[in-house]
Amino acid sequence: MKRMSTWTGALAILLIPAVGGCGGVQDDAACGLPGRCAPWGVEPQDDEGEADGDGDGDGDGDDDDDDGPGDDGPGDDGPAAGDGLPCDVRDAFTTACGECHGSSPSFGAPMPLTDYDDLQVPAASDPTRAVYELVAERITADAGRMPPDGDISEADAAAILGWIDAGAPEDPEAACGDPEGEGDDEPDVGPDALPCDASYVMTAHASGGGDPYAVPTQGADDLYMCFAFASPFADGMQATAWAPIIDDERVVHHWILYRAKGGGYTDGTAFPCDLSLQISAEFVAGWAPGGGNVVLPDDVGLELGGPGETYVLQVHYNNTAHHPDAFDRSGVAFCAAEVPRPNTAGVLTLGTTSLDIPAGAVGHEETGTCGWLSTIFWPELHIVASSPHMHGLGRAFRTVLERGDGSTELVTDVPVFDFSSQGMYMAEPEIVVQPGDRLHSTCVYDNPGSQAVGFGEGTGDEMCFNFVIAYPIDQLGSRNCGIVF
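Note that this is a predicted model, so its numbers are computed, not measured.

About the cut-offs
- Residues numbered from 1 in each chain as written.
- Predicted model: local features only at pLDDT ≥ 70, side-chain atom pairs only at ≥ 80, totals over all residues.
- Heavy atoms only, no water.
- Axes fitted to C-alpha atoms, helices over the stretch in contact; angles between N-to-C directions.
- Helix = DSSP H or I, 4+ residues; strand = E, 2+ residues; numbered from the N terminus.
- Parallel < 35°, antiparallel > 145°, perpendicular 65-115°, else oblique.
- Left-handed = near helix turned anticlockwise from the far one by under 90°.
- Contact = heavy atoms within 4.5 Å.
- Nonpolar A, V, L, I, M, F, W, Y, C, P; charged D, E, K, R; others polar.
- Patch = residues over 30% accessible without salt bridge, like charges linked within 9 Å, V, L, I, M, F, W, Y side chains within 5 Å.
- Areas by Shrake-Rupley, 256 points an atom, 1.4 Å probe, with all protein chains shown as cover.
- Salt bridge = Lys/Arg side-chain N within 4 Å of Asp/Glu carboxyl O.
- Pairing = 2+ DSSP bridges.
- Core = buried A, V, L, I, M, F, W, Y, C linked by side-chain atoms within 4.5 Å.
- Buried < 20%, exposed > 50% of the residue type's maximum accessible area, 1.4 Å probe, protein only.
- Phe/Tyr/Trp six-rings, centres within 6.5 Å; stacked < 30°, edge-to-face > 60°.

What follows is about the packing of helix α3 (residues 131-140) against helix α4 (residues 154-165). Across the interface, α3 lies against α4 with an axial gap of 10 Å and an inter-helix angle of 140 degrees. Between α3 and α4, the angle is such that the two are oblique. The two elements α3 and α4 meet at a crossing, and its hand is left-handed. Across from Y132, V135, A136, I139 and T140 in α3, the residues of α4 making contact are A157, I160, L161, W163 and I164. A breakdown of the residues in the contact of α3 with α4 according to their chemical character gives nine nonpolar, one polar and no charged.

Right, dumping it as structure tokens:
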């Protein structure tokens, strides 16, 4: 099972028949800031109070590190030497945090984490403490853990936490080689890397559809914007592959593409998202940092609907550095099959709506079972990917396949779940469900509140779903198993 995105970690293809509460992210209780790549601080500002985008605060756009020949250029993910950090600590930050927190922060990350000085500045959420102090909290937090899904090796976590426990001392004599992975080729991501003609493109735009969307300088720390498109697809068309288009990576946290059969959306409009989208629309594709292209097997195509429907692209922006020049055309490009493929992929919904999470609960589990009385009538079902969905109380998720002989196989395992970084997990190789098998989906919650929480569409309610991409979806009598709506 390979993580492909963080809300999603790759292009998520999933169908959400009635998922609410995803239109905004609540402030994280641990730091008081909206959930994002790592909200421990903000980018240094120049004398005018505006971020200069290079992290040195002088307003000239140059990082001024004066390392001489071979020093890092803008956008490099790690320092060339120790830069005041012990080498194992520098390497750990590069590996675990560099994708978002490089020398030029990306995907809404508010600051770099590449050298000693970056970690000593006051944290935005608590200016009485340095960034490194909050790094320790976020690496070990139960909620809002960083990196997303706790994706950090034990060795890297030990190096960072050990250095912090020792008082985060500077090591001016550190002489480190290039960080592991430094200088490697960029991954093959984007429409040009697809093995087909990605002729169907949907990207963010200004109202009217002609110009890129101008991300506000203020009020866009946690902004969800929606962009509407008339369906370009004919009846029966299938997607064979798709790729993210990430334009201004400084401010794009993630995006999701929905298909709406109603809702009164007008082609070419741009508007703030609300809960009605999640309630009425189907989730088609998505991207988050770390995500890549998706190419389906040669005999499989993803259903796309047809004319008369509307597609809505939801983009989550984090302009925490208040960039005045953030103009964005992020989105997705699809390849379509010239001739329909024999196997049609779609989304099967697993989980449960029977939720009762007691007040004060820690590690409370709710499980929904797709039983053999349902699967006995299925064909051999191939699971390509899955995407679990919970709200703010969700802490962990797993779906287990129980075979007829009693053996088990993990379909989805998310030991650290983060509402603001939900992702798609690709099954490599595909998982095959046989008639008579069972699928158990378990959601784990912490409820620090004084009231019990049940199922609902708002962010104050909870959900427990796993949206599983599978084929042949058109041979199933129902696309919900174990779910009662």
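This part is about a nonpolar patch on the surface. Together, W372, L373, I376 and F377 give the surface a local cluster of nonpolar side chains, amounting to about 480 Å² of exposed area. As for its position among the elements, F377 is in the loop between α6 (372-375) and β19 (381-389).

Here five strands make up an open sheet; going across it, the order is β9-β6-β13-β8-β10 and the pairing antiparallel. One side of each edge strand has no neighbouring strand; the edge strands of this open sheet are β9 (270-272) and β10 (281-287). Taking each pair of neighbouring strands and ignoring which way they run, the sheet shows an average axis angle of 25 degrees. Sheet topology places strand β6 (residues 223-230) next to β9; three bridges connect them, and they run antiparallel. Each residue of the ladder has a partner; that of M225, found in β9, is P272.

This next bit is on the nonpolar core. In this structure, F227, W242, L257, Y317 and F334 are the most contacted members of the largest nonpolar core, which totals 45 residues. If we ignore the near neighbours within four places in the chain, the residues touching Y317 are A204, Y213, V215, A220, D221, D222, L223, M225, F227, V251, V252 and D328. Grouped together as the second largest cluster of nonpolar side chains are 25 residues, M111, A123, A157 and I160 included.

Turning our eyes to something else, we now look at the pairing of β19. Judged by how many residues are buried, β19 sits mostly within the fold: nine of nine residues are covered. Relative to strand β22 (residues 425-433), β19 runs antiparallel, the two being bridged by five bridges. Counted as the bridge partner of H382 is V432 from β22. Note: β19 against strand β25 (residues 465-471), seven bridges, orientation antiparallel. Paired with H389 across the two strands is F465, which belongs to β25.

Right, let's get into the packing of aromatic side chains. In the structure shown here, the tally under the stated rule is ten aromatic pairs. Aromatic pair Y213 and F227: ring centres 5.4 Å apart, planes at 70 degrees, arrangement edge-to-face. Of this pair, Y213 sits in strand β5 (residues 213-214) while F227 is found in strand β6, placing the two residues 14 residues apart along the sequence. The class of F227 is buried, set by a relative accessible area of 0%. Arranged with centres 5.6 Å apart and planes meeting at 55 degrees, the rings of F465 and F467 form a pair that is tilted.

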